[in-house]
Amino acid sequence: MMSSNENKFPAQELQLIDQADDLKISPLRADGVSFGTPTWIWSVVVDGNLYVRAYNGKSSSWYRSAVQMQIGRIHAAGKVTDVTFETVSRNLDAAIDQAYAAKYTGSPYLAPMLSERTKQATIRILPDRAE
C-alpha cells in the first residue's frame, strides 16, 4: 500500500528542493488558466513533507490564491513542478518552527517566520501526480 506516500515528493527530489533553497511559488490565478508571478519563499521539510509560510500571513496574495485555487506550480532546484496546496493543522507548528530555526538560523527574517501571523498561513505543498 502506497497511499500514505503517493502524494509525497520522492525523497531525493525533496532533498534537492530543500538544499537548493530557491523555491518560488506560483499558484493558479482566479481565472483558472494563468499562474501567478513566481514568488521566492522559504521552504522547509518536516517528516518528508514540504511546507511554506506566508511572510505577510493570510493577507499575502500568493497565500490567498493557493488556498482558493489549491493548485499551482513551484520552481525549485532547476525544475518546474505542478503541485497542489493544502492548509495544515496547527499541531505541526512546533515541528515546522524547529525546521525554520534550523535552516534559517541567523537570518533577520527568522523571527517573523515564527510569528503567529505566519503560523496561521502555513501551506503543505504536494506534487500533482495527475500530470
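Residues numbered from 1 in each chain as written. Predicted model: local features only at pLDDT ≥ 70, side-chain atom pairs only at ≥ 80, totals over all residues. Heavy atoms only, no water.

**Here's the deal with the overall build of the chain**
Counting its secondary structure elements, the chain contains five helices and seven strands. Helices (α) and strands (β) of the chain occur, in sequence order from the N terminus, as α-β-β-β-β-α-β-β-α-α-α-β. A compact globule built from 131 residues would reach a C-alpha radius of gyration of about 14 Å, and the chain, at 14 Å, matches this within 12%. Put simply, the chain has 131 residues, and 38% of those count as buried. Sequence-distant contacts in the chain: of pairs separated by 6 or more residues, those separated by 24 or more amount to 69%. (Helix = DSSP H or I, 4+ residues; strand = E, 2+ residues; numbered from the N terminus. Rg over C-alpha atoms; globule rule 2.2 N^0.38 Å. Buried < 20%, exposed > 50% of the residue type's maximum accessible area, 1.4 Å probe, protein only. Contact = heavy atoms within 4.5 Å.)

**Section: the pattern of salt bridges**
As enumerated under the stated definition, the model contains nine salt bridges in all. Among the ionic pairs, glutamate 86 bridges to arginine 124, the shortest N-O distance being 2.9 Å. Of the two residues, glutamate 86 sits in strand 6 (residues 79-87) while arginine 124 sits in strand 7 (residues 122-127), which places them 38 residues apart along the sequence. The class of glutamate 86 is partly exposed, set by a relative accessible area of 32%. When salt bridges that share partners are traced, they join Asp18, Asp21 and Lys103 into one network. (Salt bridge = Lys/Arg side-chain N within 4 Å of Asp/Glu carboxyl O.)

**Thoughts on the sheet that holds strand 1 (residues 24-27)**
Taken in spatial order, the seven strands make up an open sheet running 2-1-5-6-7-4-3, and their pairing is antiparallel. If you trace the sheet from one side to the other, it starts and ends with strand 2 (39-40) and strand 3 (43-46), each paired once. Strands strand 3, strand 4 (49-53), strand 5 (71-76) and strand 6 of the sheet are contacted by helix 1 (residues 11-20), whose axis makes an angle of about 140° with strand 3. (Pairing = 2+ DSSP bridges. Axes fitted to C-alpha atoms, helices over the stretch in contact; angles between N-to-C directions.)

**Points about the layout of surface pockets**
Space inside the largest pocket adds up to approximately 180 Å³. If you trace the largest pocket, you find it lined by Thr39, Trp40, Ile41, Trp42, Arg53, Ala54, Tyr55, Asn56, Ser60, Trp62, Tyr109 and Met113. Broken down by class, the residue content of the lining of the largest pocket amounts to eight nonpolar, three polar and one charged. (1 Å grid on protein atoms, 1.4 Å probe; cavity = no way out; pocket = protein on both sides within 12 Å on 5 of 7 lines; lining within 4 Å. Points joined across faces, edges and corners; volume = space filled by probe spheres on them. Nonpolar A, V, L, I, M, F, W, Y, C, P; charged D, E, K, R; others polar.)

**Looking at the pairing of strand 4**
The element strand 4 is largely enclosed, with a buried count of five among its five residues. Along strand 4, one buried face is formed by Asn49, Tyr51 and Arg53 and the opposite face, lined by Leu50 and Val52, is buried too. Across four bridges, the pairing between strand 3 and strand 4 is antiparallel. Opposite valine 45, over in strand 4, you have leucine 50 as the bridge partner. Between the end of strand 3 and the start of strand 4, which pair antiparallel, lie two residues, with aspartate 47 showing a positive phi angle near 50°. Across four bridges, the pairing between strand 4 and strand 7 is antiparallel. Paired with tyrosine 51 across the strands is arginine 124, a residue of strand 7.

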